[in-house]
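Structure at a glance
Now for the letters of each chain:
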Amino acid sequence: MERTMTIRYIPRKSDYIRASRALALKTRTFLVFAGVIGLILVGSAVVLASPAIGNGLWRNIGLIGLTVSVFYALYFFIVIPYQLSKAFKTKEHMRMAREITFTGEEVRMTIDDRTIALGWESIQKAIDGGDFYLLINKGEERIYPFVPARAFDDERMHAAFLDLLKTKSIPMI
């Protein structure tokens, strides 16, 4: 019989912001898009900084590229955290204590009086965010349980959690 592990914690605003960034930074589509935006930024800066390159059309393209790049950076670093902060303040369920129970069959997350059960087969991967873990659900529901390291009672419990993920063949990225 497999052991059941239960963790409890109250999420912080910073948990949501960090989980959002970790999810983006581990997503191939986001990384490709960020790389393209980075190339556009560098190309635009070169065109705008060097008067010998191109003509007025190139300068206009450079300005558009620079504008798009700056907008994207501001959106990722300012707008998304602002939106998450505002949601954290206005949506009570985001501040409610969580209880996540890991059994041999499922991951069960309870928030207030609502319980969501995810079978291990629906957990696609886990993201190691340094001092938290984000479980990626491949099911239709967009549920990404995060587990802050502060939720573990001790290092043994933390190690048991990592061992459970390994036992269930959940890849850690």
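Heads up: these notes are all about the structure in this document. (Residues numbered from 1 in each chain as written. Predicted model: local features only at pLDDT ≥ 70, side-chain atom pairs only at ≥ 80, totals over all residues. Heavy atoms only, no water.)

Some words on the pattern of salt bridges
Formally: Should a side-chain nitrogen of Lys or Arg be within 4 Å of a carboxyl oxygen of Asp or Glu, the pair is scored as a salt bridge. A run of DSSP states H or I qualifies as a helix once it reaches four residues; a run of E qualifies as a strand once it reaches two. Both are numbered from the N-terminal end. Exposed residues in this analysis have more than 50% of their type's maximum accessible area, buried residues have under 20%, and partly exposed residues fall in between, with area computed by a 1.4 Å probe over protein chains only.
Within the structure shown, the criterion is met by four salt bridges. Arg-150 serves as the salt-bridge partner of Asp-15, at 2.6 Å between the closest nitrogen and oxygen. Here Asp-15, found in helix H1 (residues 13-25), pairs with Arg-150, found in the loop between strand E7 (146-148) and helix H4 (155-167); they are 135 residues apart in sequence, far enough to count as distant. The exposure class assigned to Asp-15 is buried, which follows from its relative accessible area of 6%. We note a salt bridge from Arg-108 to Glu-106, for which the minimum N-O separation is 2.5 Å. With a relative accessible area of 28%, Arg-108 lands in the partly exposed category.

A short note on the pairing of strand E3 (residues 106-111)
The side chains of a regular strand alternate between the sheet's two faces. In plain terms, the rule: Here, strands pair whenever DSSP counts at least two bridges between them.
A one-sided burial pattern is seen for E3, the buried positions being Val-107, Met-109 and Ile-111 and the unburied ones Glu-106, Arg-108 and Thr-110. With five bridges joining them, strand E2 (residues 98-102) and E3 adopt antiparallel strand pairing. Among the inter-strand pairings, Thr-101 is bridged to a residue of E3, identified as Arg-108. Between the end of E2 and the start of E3, which pair antiparallel, lie three residues.

Some thoughts on the sheet that holds strand E6 (residues 132-137)
Applied cut-off: Only the stretch in contact is used when fitting a helix axis, every axis being a line fitted to C-alpha atoms; angles between N-to-C directions are given from 0 to 180 degrees. Residues count as neighbours in contact if any of their non-hydrogen atoms are within 4.5 Å of one another.
Taken together, the three strands give an open sheet; going across it, the order is E5-E6-E7, and neighbouring strands pair in antiparallel fashion. Since the sheet does not close on itself, it has two edges, and those belong to strand E5 (123-128) and E7, each with one partner. The sheet shows a mean angle of 15 degrees between the axes of neighbouring strands, taken without regard to direction. Lying on the sheet, H1 is in contact with E5, E6 and E7; it crosses E6 at an angle near 60 degrees. Packing of H4 onto the sheet brings it into contact with E5, E6 and E7, and relative to E6 it is tilted by some 25 degrees.

Here's the deal with the environment of Ala-34
If you trace the backbone, Ala-34 turns up in helix H2 (residues 28-49). Sequence spacing of Ala-34 and Phe-77 is 43 residues, and the spatial spacing of their C-alpha atoms is 13 Å.

Structural notes on the pairing of E2
Of all the five residues making up E2, four are buried; the element is thus mostly covered by neighbouring parts of the structure. The sheet contact formed by strand E1 (residues 5-9) and E2 spans five bridges and is antiparallel. Within E2, the position partnered with Thr-6 by the bridge is Thr-101.

Coordinates in, geometry out; function isn't part of it.
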